[in-house]
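Single-letter residue listing:
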Amino acid sequence: MNISIAIPYNVTEESTTEEEAVRKIGYIGRAAAIFRVRSILIYTFKGDEPLRKATFIKKNLEYLVTPPYLRKDLFGIDPDLRLAGLLQPLTLPVFGHRKTNPRVRDVRVGLVVRWEGYYSIIKVGEDTYVKVPRPYPIKTMLLVSIDSMISNRFYRGHVVKNSKVYAGYSVNLIELRELVKLKNLIFTGKEGSSVINEVSKLRELKNEDVVVVFGSPRMGIDEILKDEGLGDLLKSSLFINFVPNQGLVTIRTEEAIIAVLSILNIINAIPSEGK
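First, a word on scope: everything that follows refers to the structure included in this document.

Definitions and cut-offs
- Residues numbered from 1 in each chain as written.
- Predicted model: local features only at pLDDT ≥ 70, side-chain atom pairs only at ≥ 80, totals over all residues.
- Heavy atoms only, no water.
- Helix = DSSP H or I, 4+ residues; strand = E, 2+ residues; numbered from the N terminus.
- Rg over C-alpha atoms; globule rule 2.2 N^0.38 Å.
- Buried < 20%, exposed > 50% of the residue type's maximum accessible area, 1.4 Å probe, protein only.
- Contact = heavy atoms within 4.5 Å.
- Lys, Arg positive; Asp, Glu negative; His and termini not counted.
- Charge placed at Lys NZ, Arg CZ, Asp CG, Glu CD.
- Phe/Tyr/Trp six-rings, centres within 6.5 Å; stacked < 30°, edge-to-face > 60°.
- Lys NZ or Arg CZ within 6 Å of the ring centre and 35° of its normal.
- Axes fitted to C-alpha atoms, helices over the stretch in contact; angles between N-to-C directions.
- Parallel < 35°, antiparallel > 145°, perpendicular 65-115°, else oblique.
- Left-handed = near helix turned anticlockwise from the far one by under 90°.
- Core = buried A, V, L, I, M, F, W, Y, C linked by side-chain atoms within 4.5 Å.
- Nonpolar A, V, L, I, M, F, W, Y, C, P; charged D, E, K, R; others polar.

## A short note on the overall build of the chain
Logical step 1: What the chain contains, in helices and strands, is eight helices and 11 strands.
Logical step 2: Scaling as 2.2 N^0.38, a compact globule of 275 residues should have a C-alpha radius of gyration of about 19 Å, and the chain matches this with 21 Å.
Logical step 3: Here the C-alpha coordinates of the chain stretch approximately 60 × 55 × 30 Å along the principal axes.
Logical step 4: Here the chain holds 275 residues, and the buried ones make up 47% of them.
Logical step 5: Within the chain, counting contacts between residues at least 6 apart in sequence, those at least 24 apart form 73% of the total.
Logical step 6: Side chains of the chain give 39 positive and 31 negative charges; the mean places of these two sets differ by 9 Å.

Structure below.
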């Protein structure tokens with residue numbers, strides 16, 4: 001499966017301080033990256049300042065998934081990011097190591113910073129650049145493979161497309177009523193059918209793009225949908241309890257994300273029948 005996750009704009013509503021909220025966002029981002037989530041969708045619905053709160057989450061998730069050497073280039077002074085230092089870093093292989101120069105055939109996330117004739121100059125480290133054919137738009141983020149060294153801090157390379165290399169997640173805002181129009185939705189919650197009974201249906205989705213939808217700390221996804229007049233979707237879509245016999249009354253969203261993605265990761269890893 002190519003997995004995306006959808007979280008509500010009020011996922012941090014139980015956080016008593018902004019510091020606690022930022023740490024929670026960091027846990028969600030790390031969980032997504034651990035399991036190679038392609039996209040995080042932050043869905044909004046009626047409530048208290050949905051767009052402002054969703055934007056705050058989006059900025060911090062995007063900051064987290066940006067290589068440290070590109071953050072100054074992409075993020076200015078922003079009050080929404082004043083506590084971004086509390087985010088636990090992501091050590092994606094495509095970020096490289098701060099004290100180690102790239103090697104030939106390494107793949108790095110880079111940013112187009114200028115052109116030299118027909119070539120783009122792409123920043124892939126604190127003071128490290130790759131020269132690639134074709135003038136890509138300035139400030140474009142690209143995956144670059146290192147081909148050869150020109151000098152200590154300068155390399156030749158090429159842009160990698162359709163790569164299996166994981167470069168992190170994207171983050172997008174979406175209204176709940178638009179979210180529910182997407183294909184292959186998997187709603188999660190303790191009121192759903194036990195995952196034990198739904199494994200065969202999940203395996204049928206192995207080659208599909210799926211969106212796993214989580215509820216908020218105070219309202220499960222079933223309650224949110226019913227409150228928005230969308231409760232019938234629970235009957236026509238997969239609605240799964242991924243933690244049957246849970247020991248707590250409620251499971252936090254960041255905990256649920258890890259539990260659900262762990263199970264889907266195993267299902268993804270099991271060979272299809274006949275292979």
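## Section: the packing of aromatic side chains
Logical step 1: If you walk through the whole model with that rule in mind, you get five aromatic pairs.
Logical step 2: Relative to Phe45, the ring of Tyr43 has its centre 5.9 Å away and its plane inclined at 35°; by these criteria the two rings are tilted.
Logical step 3: Using a relative accessible area of 0% as the deciding quantity, one classes Tyr43 as buried.
Logical step 4: Put simply, the rings of Tyr9, Tyr43 and Phe45 pair up and form one aromatic cluster.
Logical step 5: For the cation-ring pair, Arg114 lies above Tyr129, with the distance from its terminal atom to the ring centre recorded as 5.7 Å.
Logical step 6: Between Lys131 and the ring centre of Tyr119, over which it is positioned, the NZ or CZ distance is 4.9 Å.

## Topic: the packing of helix α1 (residues 18-34) against helix α2 (residues 50-64)
Logical step 1: Two numbers describe how α1 lies on α2: the axes approach to 10 Å, and their chain directions differ by 55°. Taken together, the axes of α1 and α2 are oblique relative to one another. Between α1 and α2 lies a crossing whose hand is right-handed. Counting all contacts with α1, which are made through Glu18, Val22, Ile25, Gly26, Gly29 and Arg30, the residues of α2 involved are Phe56, Ile57, Asn60, Leu61 and Leu64.

## Observations regarding the nonpolar core
Logical step 1: Formed by 76 residues in total, the largest nonpolar core has its most connected members in Ile5, Tyr43, Tyr169, Leu179, Leu202 and Leu264.
Logical step 2: Apart from the residues lying within four places of it in its own chain, the contact partners of Tyr43 are Ala6, Ile7, Pro8, Tyr9, Ile174, Leu176, Leu179, Val213, Phe214, Gly215, Ile221 and Ile224.
Logical step 3: If you look at the next biggest cluster of nonpolar residues, it comprises 11 residues, including Val124, Val132, Val144 and Tyr155.

## So, the packing of α1 against helix α8 (residues 253-269)
Logical step 1: At a closest axis distance of 9 Å, the pairing of α1 and α8 adopts a crossing angle of 5°. As far as their axial angle goes, α8 and α1 are roughly parallel. Touching Lys24, Tyr27, Ile28, Ala31 and Ala32 of α1 are Glu254, Ile257, Ile258 and Leu261, all from α8.
Logical step 2: Class assignment for the residues of the contact of α1 with α8 results in seven nonpolar, no polar and two charged.

## Notes on the environment of Ala167
Logical step 1: Looking at the secondary structure, you find Ala167 in the loop between β7 (154-159) and β8 (170-175).
Logical step 2: In sequence terms Ala167 and Phe95 are 72 residues apart; their C-alpha atoms lie 8.5 Å from each other.
Logical step 3: Dropping the residues within four chain positions of it, Ala167 is found in contact with Leu92, Val94, Val109 and Leu143.

## Examining the environment of Ser15
Logical step 1: By secondary structure assignment, the location of Ser15 is in the loop between β1 (2-8) and α1.
Logical step 2: In this structure Ser15 comes out as buried when scored by relative accessible area, which is 18%.
Logical step 3: Placed 65 residues apart in sequence, Ser15 and Asp80 show a C-alpha to C-alpha distance of 16 Å.
Logical step 4: The residues contacting Ser15, other than those within four sequence positions of it, are Glu20, Ala21 and Lys24.

Geometric values such as these leave the question of function open.
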